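Structural description and commentary
These are the residues of each chain, in order.
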Amino acid sequence: MRQILRQLARTPGFTLLCVFTLAVGVGSDTAVFSVLQGILLRPLPFPQAERLVGVWHTAPGLGLAEMPQSPATYQLYRQRGGTFAGIALYRQSTIELGEGDATAYLPAAEVTPSLFPVLGVAPELGRAFAEEEGRPGAAPVVMVSDHIWRERLGADRGILGRTLRVDGVAAQVVGVMRPDFDFPVPETEAWRPLPIAAATSDLYRFQFLGVARLAPGVSAAAAEADLKRLDAGLPQAFPGSPDAAGLLRGGFTAFLRPLRRDLIGEIGRVLWILLGSVSCILLIACANVANLLIVRGEGRRRRTAIQTALGASRRRLVGAVLGESLVVGFASGAAGTLLAWAGIRLLVHLRPAEVPRLQEVRIDGRVLAFTALVALAASLLAGLIPALRSTAVSDLAGELRGAAWAVKSGRLRPRARQVLVALQVAIAVVLLTGSGLLLRSLQRVARLHPGFEAANVLSLRLNLPESTYPDDEAAARFYRTLEDRLTAHPEVAAAGVSQLLPLTGTQAPAGHEVEDHPRPPGSPPPVFSVTLASDGYFRAMRIPLLEGRALERQDAERRSGAVVISQGLAHRFWPRGGALGKLLRPVIEEGVTAGAPGPWYEVVGVAGDVRGRNLTEPPRDLVYYPLLAKAKGEYFARQLFVVLRSRIEPARLAPIVRREIAGLDPSLHIANLQTMEQYMLRSRARLTFAALMVLIAAAVALALGAIGVYGFVSYLVSQRTPEIGVRVALGAGAADVRRMVLRDALAVAAAGLAAGMMGAAALTRTLGSLLFEVRPLDPLTFALVPGLLAALVLLSSFLPAERAARIDPVKALQPLE
């Protein structure tokens, strides 16, 4: 080991270059693995978390690929299912939490009391919700997070039993959750009971997320089969509900998936792709270091020949070279760990919204073990070929004499270096193709029109408590007054309110009947998304009106029964036009009367389609109702979005908005105050994150590949200097020499390009779920990438070729004397 360290210390520049090159690859792998482990591989912070599953439905016949739970299915599975140890419902919400004069608008969750036993968690202080507290009409109670308890409630251990205001209603604090409990999202600060009647046939209100714990010894497949059995008996379980048979005709059935998937979303695929990308960087780094070690070994051939002549075995010589590689590898592991730590700190500081559970990402013992394993594998990969080549002395006498090497060295079997350079080019092709496909998708998404104009639009959300606004008219009057007062400002071009806001992920599906398209008896009604909207909403969002008129103030005041529908809905039922004047009515789903028909509404306008959940999903059929619909209480919501189109920078409207809302009701708190352009950025976040990460990996791969090509061509020129001198002496011109060098470089790159294109064609299919309107075998991307790589190879080879073209034959032939 002392000898190895002395050898490396004699060439500090060479040693540092090898360590840095491998550290880039090892550090990238370590950083991504630590993120992958914290988000995907580390178990959820619940006992036997692998037994927790999300409970979902699908109804392809209704056009619904994924449906959450309804109160009726929850009670059915809970009371008649035998494969769950417990099942619970939850949904995210926001609450107004107040004590004395202090109030705060906080992200919260409504949960059934069964949630905490299902998850296997208990409060840090106090107790969880009792079963009777989850019944309609029960006394209000609330549980708060450890953060709220410490920051707003003074960490008072006597908090239990104290009364706080929750949405203007007195609620008793019964528990404080543990600091590490962040269900369903890390931002959750409070939990309150979700009232569900013990006996309900509220079958069609699929608005709640479900989580269940599998019973001991029961597999997910067995539990799913049991739920499907219960679904098949919906008509018998709910004989008074006309929706049961209709749901079955729509292919309604339950399915399960791991709770982890519900909590982290689709980021897992991105992280696995990213780990593969940085592993490719590590391979390129290994190839670069292997090339450097081969060069070092070629310079030591005479020394190796002397050691062989003195009796050194090849095994010992190979061990010495591998020892140097291992020292370099583990030094790069230490340096790579520091790079990974810095990268993780930066990622946690930036806190991209598309990466969940970031607080659990850290470098621990498992990550360090992974780093050591990667460093060991990288050092062996980088050192094995150079060790075998540099210790293979076939002409011992010739090496000892040092004669005739100059002419022979021009053909000194550069096969291994050619293969390594071709490998680097091939990997760079795969990464560049993947990043190109993602960038093309991002370009398509950026050019996609969402159905409204996002520029200069500010949005916010308000929640009017029932204690202050007991009836629909009072709440609607507040929103109308606020809209008028905001519009009166010269900085505001238009203002409006709506129940749904595009790109926020929210939707409110509801069954409908269409007058001139009667459905067969027993068949499910067509499902449209519904929203309340004021007369100013279309102007503020600049949603185009294609036919008829927009909603007017009189439609709400008179409850005239006018609605506006989306273009997709109009084309679905009236493809040849004529939607104006047609009638439709919602299926009222209040209480146990799901399926009862509501009043008819007249279509007075057709608006352009708007992207609802996100930019990459097609627009859903949408019905816009006035703030006060025809039937009292129908679809009315006190929690609405307010949008303003600004004549100035939208953020500068915030003080005006706060002042006007405080003037109408100082107790209200504003939530989600942000621009629509921010929602646009968030909707593109997952694709942007994937494209950016793979692009960075491709850029590093290109840089390492260019260095590898440059080093290979430079080495080739240095080894062929005597041969080039002979060619120049015999009349070869500078252009001939330059062409020869570039031709050799392109020949190696061509092999790498061919292998890389085949690899890209096979591997880029894994990007399918991330691509948008771009095929995995996109012709433009597959045409541009080889051209870019060929240009990079030429650029990397130009300086060595130029140096070869200027070789002085007299100096080049001196070793032959």
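Above this text is the structure in question.
Procedures and definitions
- Residues numbered from 1 in each chain as written.
- Predicted model: local features only at pLDDT ≥ 70, side-chain atom pairs only at ≥ 80, totals over all residues.
- Heavy atoms only, no water.
- Helix = DSSP H or I, 4+ residues; strand = E, 2+ residues; numbered from the N terminus.
- Buried < 20%, exposed > 50% of the residue type's maximum accessible area, 1.4 Å probe, protein only.
- Core = buried A, V, L, I, M, F, W, Y, C linked by side-chain atoms within 4.5 Å.
- Contact = heavy atoms within 4.5 Å.
- Pairing = 2+ DSSP bridges.
- Axes fitted to C-alpha atoms, helices over the stretch in contact; angles between N-to-C directions.
- Phe/Tyr/Trp six-rings, centres within 6.5 Å; stacked < 30°, edge-to-face > 60°.
- Parallel < 35°, antiparallel > 145°, perpendicular 65-115°, else oblique.
- Left-handed = near helix turned anticlockwise from the far one by under 90°.
- Salt bridge = Lys/Arg side-chain N within 4 Å of Asp/Glu carboxyl O.
- Polar contact = N/O pair within 3.5 Å; in protein donor to acceptor, adjacent residues only side chain to side chain.

Let's shift gears to the overall build of the protein chain. Helix and strand counts for the protein chain stand at 27 helices and 23 strands. When burial is assessed residue by residue, the protein chain has 54% of its 817 residues classed as buried.

Turning our attention to the nonpolar core. Nonpolar side chains in soluble globular proteins generally cluster together in the buried interior. Ranked by internal contacts, the top residues of the largest apolar core, which has 60 residues, are Leu 22, Val 429, Leu 431, Val 713, Val 741, Leu 789 and Ala 804. Of all the secondary-structure elements, those providing two or more residues to this core are α1 (2-10), α2 (12-41), α10 (267-299), α13 (365-390), α16 (415-447), α23 (685-719), α25 (734-763) and α26 (779-805). Residues contacting Leu 431, with those up to four places away along its chain left out, are Ser 277, Cys 280, Ile 281, Val 694, Ala 697, Ala 698 and Ala 701. Core analysis: the next-biggest nonpolar cluster, separate from the first, contains 58 residues, Leu 275, Leu 437, Tyr 624 and Val 774 among them.

Turning our eyes to something else, we now look at the sheet that holds strand β23 (residues 671-675). With respect to topology, 4 strands assemble into an open sheet ordered β13-β22-β12-β23, the strand pairing being antiparallel. Edge positions in the sheet fall to β13 (492-498) and β23, since each has one partner strand and no second. Averaged over all pairs of adjacent strands, the angle between their axes in this sheet comes to 15°, without regard to strand direction. By the bridge criterion, 6 bridges tie β13 to strand β22 (residues 639-646) in an arrangement that is antiparallel. Bridge assignment links Ser 498 to a residue of β22, and that residue is Phe 641. Strand contacts of helix α21 (residues 654-664): β12 (457-463), β22 and β23, with the helix running at about 25° to β12, the strand carrying the most contacts.

Attention shifts here to the pairing of strand β10 (residues 209-214). Summarising burial for β10: 5 of the 6 residues are buried, a large majority. With 4 bridges joining them, strand β1 (residues 52-59) and β10 adopt antiparallel strand pairing. Following the sheet pairing, Val 53 is matched in β10 by Ala 212. Pairing between strand β3 (residues 84-99) and β10: 6 bridges, direction antiparallel. When the bridges of β10 are listed, Leu 89 appears paired with Gly 210.

Here the focus is the packing of aromatic side chains. Under the counting rule described, the total for this entry stands at 14 aromatic pairs. Ring plane angle 90° and centroid distance 4.9 Å describe the contact between Tyr 601 and Tyr 625, whose orientation is recorded as edge-to-face. Note that Tyr 601 is positioned in strand β20 (residues 601-607) and Tyr 625 in strand β21 (residues 622-625), a separation of 24 residues in sequence. Each member of the pair, Tyr 601 as well as Tyr 625, is classed as buried. Ring pairs connect the aromatic residues Phe 46, Tyr 90, Phe 116, Phe 129, Phe 181, Phe 183 and Trp 191, which therefore count as one cluster.

Take the packing of α25 against α26 next. At a minimum axis separation of 8 Å, α25 and α26 run at an interaxial angle of 150°. The orientation of α25 with respect to α26, classified from their angle, is roughly antiparallel. Judged by the twist between their axes, the crossing of α25 over α26 is right-handed. Only Phe 782, Pro 786, Leu 789, Ala 790, Val 793, Leu 794, Ser 797, Phe 798, Ala 801, Glu 802, Ala 804 and Ala 805 of α26 make contact with α25, whose side of the interface consists of Ala 734, Val 737, Arg 738, Val 741, Leu 742, Ala 745, Leu 746, Ala 749, Leu 753, Met 757, Ala 760 and Ala 761.

This next bit is on the pattern of salt bridges. For the structure shown, the criterion picks out 27 salt bridges. With a shortest N-O distance of 3.4 Å, Glu 802 and Arg 806 are connected by a salt bridge. On the accessibility criterion, Glu 802 (17% relative accessible area) is buried. Owing to a relative accessible area of 67%, Arg 806 belongs among the exposed residues under this scheme. Through salt bridges with shared partners, a single ionic network connects Glu 483, Asp 484, Asp 535, Arg 539 and Arg 553.

On to the pairing of strand β6 (residues 141-144), then. Covered by surrounding structure in β6 are Val 141 and Met 143 together with Val 142 and Val 144, the residues of both alternating faces. For β6 and strand β8 (residues 169-176), the ladder comprises 4 bridges, and the chain directions are parallel. Paired with Val 144 across the bridge in β8 is Val 176. As paired elements, β6 and strand β9 (residues 190-193) share 2 bridges and run antiparallel to each other.

Moving on, we get to the side chain of Ser 646. Relative to the helices and strands, Ser 646 is located in strand β22. Judged by relative accessible area, Ser 646 falls into the buried class, the value being 5%. At 2.7 Å, the side chain of Ser 646 and the backbone oxygen of Ile 648 are in polar contact. Apart from the residues lying within four places of it in its own chain, the contact partners of Ser 646 are Asn 456, Glu 491 and Leu 653.

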